[in-house]
Amino acid sequence: MIQNIRRSLTDLLGAEYTAAVWRARAALTGESPEALRAVADEKVDFYPEAFARRQEELMGDIGHSLAPAFADTEDGAPTHSYRAAQHSFAAPLGGLGAFRIGEDGRLYFAGKSEHYQIPLGHDFPGYSLIENAKRLGIPNATHNNTRGFITRTLERRLIAAANGLQPTDPALDRILSQKEPGVLNTVINLETGSLAVEAALKMMLSRFYTIDGAPAQYAGRVPVFIVMADNAGGVTGNYHGTTVLAQTLRGLWPDFYTAVQKNELYKVVSVPIKDSGAFAETMRRWNEGKYKTAGFCHEIVLMNYGGIRLSEEYLQAAYKVCRATDTPVLCDEIQSCAWYDGLFLFRKYGLTPDFVSVGKGFPGGVYPASKILTSAAFDSLSQFGALVTNGQEELASLAYLVTMEFIGANGAHIEAAGRYYHEQVRALAQKYPQVCTGVEGDAHMTALCFDSVDDAVDFCTRMNRDRCVDISAQTYKPNCPPVALTKLPLITTETMAGRLVALFDSALAETAAQKGAAL
């Protein structure tokens, strides 16, 4: 059961800070200090009963027309690829929790949490604390040399969570002072997941190429990035963002990468999914002679490659090899962070990465704000080495803190609902063996696997077009298992998940019947 919590800005940030804020606001505007103090101390319901009740009610209205359609001809000015992908009929006119009303007036369920960025749904009541912060005049815009108190507080709390500690634990100060690999104790505030990963890749490369003239640790050797393979042994199984360097890790820019290889600037090598022996052999091979592994980059759930979940045993064995070969590890949690009790999936796996990219879900879709958590052992970039002017916005940091507070109070619900949903989809796959081959992913990030691309596309079309459930068939990568990807908001209850699975059931029955008729 989802637990409502009540918090004020003073509860989240401390009375000393909020007092300084309301006094500054009173000095600037002449407003009543007492009225401003009341804003700081106002407790907000994060999940009030009326909001919770409405979520359950709306679940029965998915696909129905709840408002007049908005008929417009505005196309914007997109690129060709964006224009081809656009579905304006489903674009939001309004949203509440796990739902949105599209421009066609119908009610849609956010089955992928608006591409993984609203774990707490649209218009989450807890984020009204951000409006209170605005009323107190807390500025959003800061810069790297004036990181505000909220951002500094968030940095410390992220490091505490990444190490399984409470922010008040005395052990946190010891962790913050360490410089050993595998100890996360440093944060760089950026704005997108791509930039967070790029910062990690830069720090890996800085061990081979000097940034500022200082000698590099492995100067003269060829850096080798290790990534997850696709099912054909290529490099398309991974996804780590849209910068040029990250895109070469998954096979894009082939002419550019050929030139890179020819000049031995760096090399990309893939390792088979879930094969620990092959991983160890790959690491041995590329730590000989002129080559040196620069880093191992991985997700835990490959949401851009069939939703495949890597096992604890595989990753723990891989990390052991990486530590023995002085190979830093990037755990890319852009997809999975803020979707678990404890916030990070790597902690449930017992992993000790050197870099963790976080974002998307943490600020709840309110602001773009991603970060790279790293070990001080790899702190090699100057202030301008990984820089975003508005990467440390105060209100974005407050959104993080609100999300973390609510997830921290609802770990039991998150675990139970995620487990229930995954098990229900697994049972559904077994019901339709003529079109389904099983499930992948984990908990709210469950992927339904299909016998063929045509089956996956047919199912997703029926879910999107006829039932207004936003899910997608992953078909754009070669050799990728055909799947339907989902990522439910954390506020999805077991009752809501059951109703969603019933919609899946009806669509699968139609897909199976069509396939049977075609045979």
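Whatever comes next refers back to the structure up there.
Residues numbered from 1 in each chain as written. Predicted model: local features only at pLDDT ≥ 70, side-chain atom pairs only at ≥ 80, totals over all residues. Heavy atoms only, no water.

**A word on the state of the cysteines**
Part 1: One pass over the structure, following the stated rule, counts 0 disulfides.
Part 2: Left without a disulfide partner, cysteine 297 is nearest to the cysteine sulfur of cysteine 322, which lies 9.7 Å away.
Part 3: For the unlinked cysteine cysteine 436, the closest cysteine sulfur is that of cysteine 449, found at 8.5 Å.
Part 4: Its relative accessible area of 6% is what places cysteine 436 among the buried residues. (Disulfide = S-S within 2.5 Å. Buried < 20%, exposed > 50% of the residue type's maximum accessible area, 1.4 Å probe, protein only.)

**Comments concerning the packing of helix H13 (residues 276–285) against helix H14 (residues 312–324)**
Part 1: In contact at an axis separation of 10 Å, H13 and H14 are set at 15° when each is read in the N-to-C sense. Classified by the interaxial angle, the pair formed by H13 and H14 is roughly parallel. Crossing hand, H13 versus H14: right-handed. Contacts from Ser276, Phe279, Ala280 and Met283 of H13 reach H14 at Tyr314, Ala317, Ala318, Val321 and Cys322.
Part 2: Its residues placed into classes, the contact of H13 with H14 shows 8 nonpolar, 1 polar and no charged. (Axes fitted to C-alpha atoms, helices over the stretch in contact; angles between N-to-C directions. Helix = DSSP H or I, 4+ residues; strand = E, 2+ residues; numbered from the N terminus. Parallel < 35°, antiparallel > 145°, perpendicular 65-115°, else oblique. Left-handed = near helix turned anticlockwise from the far one by under 90°. Contact = heavy atoms within 4.5 Å. Nonpolar A, V, L, I, M, F, W, Y, C, P; charged D, E, K, R; others polar.)

**Considerations on the sheet that holds strand S4 (residues 99–102)**
Part 1: Across the sheet, 3 strands lie side by side as S3-S4-S5; this open sheet has antiparallel pairing. Since the sheet does not close on itself, it has two edges, and those belong to strand S3 (92–96) and strand S5 (107–109), each with one partner. Averaged over all pairs of adjacent strands, the angle between their axes in this sheet comes to 30°, without regard to strand direction.
Part 2: Relative to S4, S3 runs antiparallel, the two sharing 4 bridges. Of the residues in S4, the one forming a bridge with glycine 94 is isoleucine 101.
Part 3: The strands touched by helix H4 (residues 49–59) within the sheet are S3, S4 and S5, with S3 carrying the most contacts at an inclination of about 125°. (Pairing = 2+ DSSP bridges.)

**What to know about the side chain of serine 270**
Part 1: Mapped onto the fold, serine 270 is located in strand S8 (residues 267–271).
Part 2: A distance of 3.1 Å separates a polar atom in the side chain of serine 270 from the backbone oxygen of glycine 233.
Part 3: In this structure the side chain of serine 270 is engaged in a polar contact, spanning 3.2 Å, whose partner is the backbone oxygen of glycine 234.
Part 4: Not counting residues within four places of it along the chain, the set of residues in contact with serine 270 comprises Val227, Met228, Ala229, Gly233, Gly234 and Val235. (Polar contact = N/O pair within 3.5 Å; in protein donor to acceptor, adjacent residues only side chain to side chain.)

By themselves, these observations are geometric and do not establish any function.
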